[in-house]
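# Chain and residue survey
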Protein chains: 2
Amino acid sequence: MRLSLGKARPRGAGGKEAPRGLELRPQSLPMGGAIASRANIRPMFEAAEIGHRVDDEDYDARVPALRVRLLNAQYELLETKKVSVVVVVAGVDGAGKGDTINLLQSWLDPRLVRVHGIGAPTEAEKERPPFARFWARLPPRGNTGVFMGSWYSKPILDRAFRRTKNTHLDSSMEHIRRFERMLTHENVVLVKLWFHLSKKEQKKRLHRLEKDPKTRWRVTAKDWEHFKLYDRFRKVSARAIRETSTDFAPWLVVSGNDANYRQLTVAQALVTAMERANAAPERQPPDPHVSPTPPEVDGRTVLDTLDLSKTLAKKKYRARLEELQGQLSMLVRDKKFHDNGSLVCVFEGADAAGKGGAIRRAVGALDARHYHIVPIAAPTDEEAARPYLWRFWRHIPGRGRVVIFDRSWYGRLLVERVEGFAAKGDWMRGYAEINEFEEQLVEHGIRVAKLWLQISPEEQLRRFEERQQTGFKRFKITDEDWRNREKATQYRDAINDMIERTSTELAPWTLVEANDKRYARIKVLETLVKTLSER
Amino acid sequence: MRLSLGKARPRGAGGKEAPRGLELRPQSLPMGGAIASRANIRPMFEAAEIGHRVDDEDYDARVPALRVRLLNAQYELLETKKVSVVVVVAGVDGAGKGDTINLLQSWLDPRLVRVHGIGAPTEAEKERPPFARFWARLPPRGNTGVFMGSWYSKPILDRAFRRTKNTHLDSSMEHIRRFERMLTHENVVLVKLWFHLSKKEQKKRLHRLEKDPKTRWRVTAKDWEHFKLYDRFRKVSARAIRETSTDFAPWLVVSGNDANYRQLTVAQALVTAMERANAAPERQPPDPHVSPTPPEVDGRTVLDTLDLSKTLAKKKYRARLEELQGQLSMLVRDKKFHDNGSLVCVFEGADAAGKGGAIRRAVGALDARHYHIVPIAAPTDEEAARPYLWRFWRHIPGRGRVVIFDRSWYGRLLVERVEGFAAKGDWMRGYAEINEFEEQLVEHGIRVAKLWLQISPEEQLRRFEERQQTGFKRFKITDEDWRNREKATQYRDAINDMIERTSTELAPWTLVEANDKRYARIKVLETLVKTLSER
């Protein structure tokens, strides 16, 4: 009992875990010795080892129609621009990944497909979280991106080479599940292809290549070395596949042994995914089921705890400002920060809360070459054609640099929620997606400071009126600003939910009492200094 | 005579060259010994050495109004989005470049300014021509980019360290003049600031920094080493400044000795440039004066020399195609290409000339990870906000890679000319700008293949009709395609001019007789193989 179930389902044994889509055969109990001896051979691979093949005649008969379907599906994808397609190519070396993709590319309109061979990360890529380079390559809607080498490669190889443990692998797979779920919700269709060869087939292939003088050069000592790891690689892969074969992004295990079979299988999988996306009605946001944070029974929220009457005298302010700017400047110039650090600051707050002024004081003592302020307004069309976090990922700083977001991804949970630009199901998933995003930054060693500047409605009104009268600020106040004031209660709920659900231990919010600008600016600077000084 | 004129105007002496804007004093003849002995001290620097200063009272009185003007100018720039502003910061170390820019940044709305500290190029940047990294950082219209370290740094330092000769410096300055002229025409306002210190001031400054324990760390052995090169650096800089002080992008030499003076001077220069741009009427294209290529007296053009009746039998085609694809594949897989090569292909031709099919055959044997096809349609809004070549620069390949443009920058000289999307003065300057662009690619070791696919009007009509009937090509033919046919003569002139004026020895056009698709595809492949095999 322990052997059969335990080996096959290392986690959640005892029937708690629902069987996943790709486990083709139910476990039969009890197992005989012959079966038990290959207990670590996963059923999903067995299905790919039954000797699939397609003869040439059959192949030739089916290809022309398939090609027409592929092109039609591609052009419709381009015309409607509802989704983009991301093809993940993984699997055993020598199972025909490259050949198949090259052939597929010749069947497709290659102008609408970009194939990314993902190798070792560049220096600039190493400075960002591991997912950054995949984000950067996401295709715009209407197009297809093929990832040869993907977010799966490193976790699987790390585990196969025993650089990591299973817990680490599982945690990586959990991040991947979240990433892929988010992509799916953001109009990306995922086609995940695992090219498989049995150990015997793999060995035969290497021998065959070595025999032919024309292909001998293709077999290196490393190939044989990898072959020795076949069993380990297979075991780890099976685990990774099982953990990430989700309803929204299932794996397709492709038998790599017969070229005809694998080409048809892959083309078929791609065209089906495209056609289904083209035929689908407008994407439905996920059903959120529940409300975000339930209302407080005493009606008090964390914003109510702020004492907005706090002030700071001019003289004290000046002295403290200089002191803090000096400290911040030292921290950013520091060799440690220069070589390894980076800082992401998020400024949020109601209109006229003083974000701009606070940002200016924050960067006041910094070398302008070290920071970059990203004002968030409407997305460009290149940004709008991709998942909503793409436009923020593209500004994540490298080593020694500071990026300040003047408004940020939190727009999803604030203005998009309140104004109805995002459906409830979409902003509801935003909490977890944003926490995941920030976790990736922090785990990579990027410091994250999130500042909410809070002002009272009365103070806001006073500032609006003041702005309308002064000279150079006249561009700052729009009709929209006035309209937003009318939605005060809805914004209040949205802000409270945001703070409650995204103030994580890795990336906590700092609430800044901002009725007094001097007080607010000092608190902002103190927060940044603290964020950079920690640990 | 020789001494005074010759030294001051090393090139074009004898009055042929018009005096440039920044030579503040006319040469007085004949010169006495005292003046002649400092003949290599350029008048432009002398003007910055007369001890400019602004006292604190004066400074404090002028700053508030200047700051209001700066912000107003910035917001108007953003509102109208007519131009972008590029500030080039160069000059002597220690002349206050960093401090001044940091202060300026605190006066401006820093969200609309990005300061680029340009140091040593990254690996990825080294793989592209030197100008690529400046292109990549050009601000969109409405915004300002500050370049600390710019296209001037390397040529000037190379010359000062005697790694190059004057001829090399002059040639670099000529490329810069062309680059800046193009930027100016493309709605970029250039503000070029040269921060200057006399040798005495420079020495005093280093001593002063060394004396103060708080600043001692800022003076390194390298600083003194650089100081020893002061005279050489000054001489080279003067030459560079003189060569690039043009009517469209003059240098402003700023005395760096007095902080008040230099801050006001720089702020004043920037605000004036912005205000002038804001007040200017819509940009006028340059007056082209002349026609492109005059009509041939015998009415025959290079296109007429093509024998469109050339065909290739199916069997021959198949054999040759396989052979050429094999060769191309070998050339791209070659270690030399992988480590150092890259290839840019341009496909142009009338609608239905067979570009798509030829591209497919060209990439047919390539690994899909090695190439990337860029179909050129309408620019995205990020592209439209920048000079027109920006969208092509962003796709220039790194080492070991092939990029294929399906239509290209030649749209400027074809559709934009014929349809009137570009004014005559704008497409007329396009010939030289495009030649300059391609020269930069080739000089950097990138192979460039430019293919024009020519079909007869009759063959085009036949293909249009055929396309309307077949299934999966239905998206390829639009009303616009039919309209374009009506402008045949205008296109003919445009094509001829394009070929005559952009078929350079560095990047020649290959004209492909394309009435027979098989013949055309083989010629295309032969051209690519030849392009990669040369030298």
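Just so you know, these numbers come straight off a predicted model, no measurement behind them.

## Focus on the nonpolar core
- In this structure, A:W151 and A:W409 are the most contacted members of the largest nonpolar core, which totals 146 residues.
- Here the element with the most residues in this core is helix α13 (residues 259-279) of chain A; it accounts for 10 residues.
- In this structure, A:W151 is in contact with A:V86, A:V88, A:F131, A:F134, A:I176, A:F179, A:E180 and A:L190, ignoring residues within four places of it in sequence.
- Formed by 145 residues, the second largest nonpolar core is a distinct cluster that contains A:L324, A:A514, A:V524 and B:F405.

## Quick look at the environment of B:I446
- By secondary structure assignment, the location of B:I446 is in strand β9 (residues 446-454).
- Excluding anything up to four places from it in sequence, B:I446 contacts B:P129, B:S342, B:L343, B:V344, B:I396, B:P397 and B:L441.

## Some remarks on the confidence of the model for chain A
All names here are of chain A.
- Residues of chain A with pLDDT of at least 70 account for 90%, and the chain-wide mean is 88.
- Across residues 1-42, confidence stays below pLDDT 50; counting only partners more than four residues off in sequence or on other chains, it has 43 contacts.
- The ipTM for the predicted assembly is 0.85, set against a pTM of 0.88.

## What about the interface of chain B and chain A?
- The interface of chain B with chain A comprises 43 residues on the first partner and 43 residues on the second.
- Summed over both sides, the interface between chain B and chain A buries roughly 3,900 Å², with carbon and sulfur atoms accounting for 56% of that surface.
- Counting every contact that joins chain B to chain A gives four salt bridges.
- For B:R111, the salt bridge goes to A:D406, with nearest N and O atoms at 2.5 Å.
- At the boundary of chain B and chain A, one finds 12 residue pairs in polar contact (both at pLDDT 80 or more).
- Elements with a contribution of two residues or more to the side of chain B that touches chain A: α4 (56-80), α5 (97-107), β2 (113-117), α16 (355-363), β7 (371-375) and α17 (381-384) of chain B.
- The biggest single contributor to the side of chain B that touches chain A is α4(B), with seven residues.
- The residue inventory of the side of chain B that touches chain A, partitioned by class, reads 16 nonpolar, 11 polar and 16 charged.

## Re the pattern of salt bridges
- Applying the stated rule across the entire model yields 90 salt bridges over all chains.
- Residue B:K154 is joined to B:D158 by a salt bridge in which the shortest nitrogen-to-oxygen separation is 2.8 Å. Of this pair, B:K154 and B:D158 both sit in helix α8 (residues 153-160), separated by four residues, roughly a single helical turn.
- A relative accessible area of 11% means that B:D158 is categorised as buried.
- In this structure, B:R412 engages B:E416 in a salt bridge whose closest nitrogen and oxygen atoms are separated by 3.4 Å.
- On the accessibility criterion, B:R412 (8% relative accessible area) is buried.
- Three or more residues joined by partner-sharing salt bridges are found here, namely A:E174, A:R177, A:R178, A:R242, A:E243 and A:E436.

## With respect to the sheet that holds β7(B)
Residues and elements named next belong to chain B.
- On the basis of which strands lie adjacent, the open sheet formed by five strands has the order β7-β8-β6-β9-β10 and parallel pairing. Whereas interior strands pair on both sides, the edge strands pair on one side only; in this sheet they are β7 and β10 (509-513). The average undirected angle you get between the axes of adjacent strands in this sheet is 20 degrees.
- One ladder, built from five bridges, connects β7 with strand β8 (residues 401-406); its direction is parallel. If you follow P375 over to β8, its bridge partner there is D406.

## Description of the packing of helix α16 (residues 355-363) of chain A against helix α24 (residues 517-533) of chain A
All names here are of chain A.
- Axis separation between α16 and α24 bottoms out at 9 Å; the angle between their running directions is 50 degrees. Taken together, the axis directions place α16 and α24 in an arrangement best described as oblique. Crossing of α16 against α24: the hand is right-handed. Between α16 and α24, the residues in contact are G357, A358, R361 and A362 and R521, V524, L525 and L528, respectively.

## Quick word on the sheet that holds strand β5 (residues 251-255) of chain A
Residue and element names in this part refer to chain A.
- Here five strands make up an open sheet; going across it, the order is β2-β3-β1-β4-β5 and the pairing parallel. Both outer strands of the open sheet, β2 (113-117) and β5, are each paired with one neighbouring strand and no more. Neighbour to neighbour, the strand axes of the sheet diverge by 20 degrees on average, direction disregarded.
- One ladder, built from five bridges, connects β2 with strand β3 (residues 144-148); its direction is parallel. Directly across from G117, in β3, lies its bridge partner M148.
- Together, β1 (84-91), β4 (188-196) and β5 form the strand contacts of helix α12 (residues 230-244), whose direction differs from that of β4 by roughly 155 degrees.
- Docked against the sheet, α13 engages β1, β3, β4 and β5, running at close to 165 degrees with respect to β4.

## Points about the relation of the copies chain B and chain A
- Mapping chain B onto chain A calls for a screw motion: a turn of 180 degrees about the axis and a shift of 0.1 Å along it, with 0.0 Å RMSD after fitting. Considering both components of the superposition, the chain copies are consistent with a two-fold axis. The rotation axis passes nearest to the C-alpha of B:D381 in chain B, at a distance of 3.2 Å.
- Counting the interface residues of chain B, we find that 100% of their copies in chain A are interface residues as well, pointing to one common contact surface.

## A short note on the pairing of β1(A)
All names here are of chain A.
- With respect to burial, β1 is a largely interior element, eight of its eight residues being buried.
- Of the two faces of β1, both are covered, the one formed by S84, V86, V88 and A90 as well as the one formed by V85, V87, V89 and G91.
- Of the strand pairs in this sheet, β1 and β4 are connected by eight bridges, and their pairing is parallel. Within the sheet, the bridge partner assigned to G91 lies in β4 and is F195.
- Pairing between β1 and β3: five bridges, direction parallel.

Cut-offs used in this document
- Residues numbered from 1 in each chain as written.
- Chains lettered and ligands numbered in written order.
- Predicted model: local features only at pLDDT ≥ 70, side-chain atom pairs only at ≥ 80, totals over all residues.
- Heavy atoms only, no water.
- Core = buried A, V, L, I, M, F, W, Y, C linked by side-chain atoms within 4.5 Å.
- Buried < 20%, exposed > 50% of the residue type's maximum accessible area, 1.4 Å probe, protein only.
- Helix = DSSP H or I, 4+ residues; strand = E, 2+ residues; numbered from the N terminus.
- Contact = heavy atoms within 4.5 Å.
- pLDDT = per-residue confidence, 0-100.
- Buried area = accessible area lost by both parts, 1.4 Å probe.
- Salt bridge = Lys/Arg side-chain N within 4 Å of Asp/Glu carboxyl O.
- Polar contact = N/O pair within 3.5 Å; in protein donor to acceptor, adjacent residues only side chain to side chain.
- Nonpolar A, V, L, I, M, F, W, Y, C, P; charged D, E, K, R; others polar.
- Pairing = 2+ DSSP bridges.
- Axes fitted to C-alpha atoms, helices over the stretch in contact; angles between N-to-C directions.
- Parallel < 35°, antiparallel > 145°, perpendicular 65-115°, else oblique.
- Left-handed = near helix turned anticlockwise from the far one by under 90°.
- Least-squares fit on C-alpha atoms with pLDDT ≥ 70 in both.

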